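This is what each chain is made of:
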Amino acid sequence: MGGFPGYNMVDLSQNWNCLTPTWPYFPSSKQWNFHSHHKDGMQSIIIETNMHSGTHIDAPLHFSSFGDDIAKIPLERLVGPTVVVNLEHLSSDYSFFTKQDVLAALPCSLEKGDNLIVYTGWHKYNWENERDDERYFCKCPGPSLDLTDWLVELGVNWVGGDLPSFEHPMALAIRGYRPDLAKECARKYGFENIEDFMPEEEWMLKCHRRMMKTGQMHVDNIGGDIRLMKNFKQKFT
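Keep in mind it's a predicted model, so treat the numbers as computed, not measured.

Draft legend 1. Looking closely at the side chain of Asp114. Summarising the element assignment, Asp114 is placed in the loop between helix H2 (99–105) and strand E6 (115–119). The class for Asp114 is buried, based on a relative accessible area of 3%. In terms of polar contacts, Asp114 uses its side chain to reach the side chain of Lys235, at 2.8 Å. When sequence neighbours within four positions are dropped, the list of residues in contact with Asp114 reads Pro81, Ser109, Val156, Asn157, Trp158 and Lys235.

Spelled out as structure tokens, the structure:
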């Protein structure tokens, strides 16, 4: 923790380079020299990456054709009153966190226009820590449908977590790419297949679609020094 005079700053970003793991069904990032010191007496590089690599913002345009892209989002929207809720005690493979879970763990009030960070402890599996890519991306906790509905109704500004996405992994295309894990998740909750447990029509990308159509944003892959914030009781401004 450090910062400028009068401020305490916590770095919540994952380090990024071409080896940073990305979504299982997205191409890996690439980085290579265009010029190099030993050949040209200088260095310049080319970077090719997708938009879901490392810590990033999902702008409303991601799921709303009339939503703002990153360039149109004023910096004032990216800062402001922020609440951190600690749900580490509820986090396990394929677990859900509900509206009631968040309400019970809120350290202070959460109001319209606030930002919400959900701390789950799942960052321990990201590539900078214990690194378990399958568990981090494919088995992470995620929001229940009632939590998504409540966040939309409340009108939070943005929501994020120490997770690859603010969506349950079985509400994403992972369920199709990894049918073995989809079956594992369903069986954990007493079902034989994922469609019986989480119907695609009801669950698929529910949080992304609902929130971004109302102009709300997600912040994914929060990491860095996030553990320093997990027990803070006040609202950050």
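Draft legend 2. Here's a closer look at the side chain of Ser165. Inspection of the secondary structure assignment puts Ser165 in the loop between strand E8 (158–161) and helix H5 (174–177). Overall, Ser165 belongs to the buried group, its relative accessible area being 3%. With near-sequence residues (within four places) excluded, Ser165 lies in contact with Trp23, Leu172, His208 and Asp220.

Draft legend 3. Structural context of the sheet that holds strand E4 (residues 82–86). Across the sheet, which stays open at both edges, the five strands sit in the order E3-E9-E8-E6-E4 with mixed pairing between neighbours. Two strands in the sheet have a free side with no partner beyond their single neighbour: strand E3 (56–58) and E4. For this sheet, the mean inter-axis angle between neighbouring strands, taken without regard to orientation, is 20°. The pairing of E3 with strand E9 (residues 217–220) spans three bridges and is antiparallel. The residue of E9 that forms the bridge with Asp58 is His218.

Draft legend 4. Region of interest: the state of the cysteines. This model, assessed by the stated rule, comprises zero disulfides. With no disulfide of its own, Cys138 lies closest to Cys140 among cysteine sulfurs, the gap being 8.2 Å. Judged by relative accessible area, which is 5%, Cys138 ranks as buried. Take Cys207: it sits in no disulfide, and the sulfur closest to it among the cysteines is that of Cys140, at 12 Å.

What counts and what doesn't
Residues numbered from 1 in each chain as written. Predicted model: local features only at pLDDT ≥ 70, side-chain atom pairs only at ≥ 80, totals over all residues. Heavy atoms only, no water. Helix = DSSP H or I, 4+ residues; strand = E, 2+ residues; numbered from the N terminus. Buried < 20%, exposed > 50% of the residue type's maximum accessible area, 1.4 Å probe, protein only. Polar contact = N/O pair within 3.5 Å; in protein donor to acceptor, adjacent residues only side chain to side chain. Contact = heavy atoms within 4.5 Å. Pairing = 2+ DSSP bridges. Axes fitted to C-alpha atoms, helices over the stretch in contact; angles between N-to-C directions. Disulfide = S-S within 2.5 Å.

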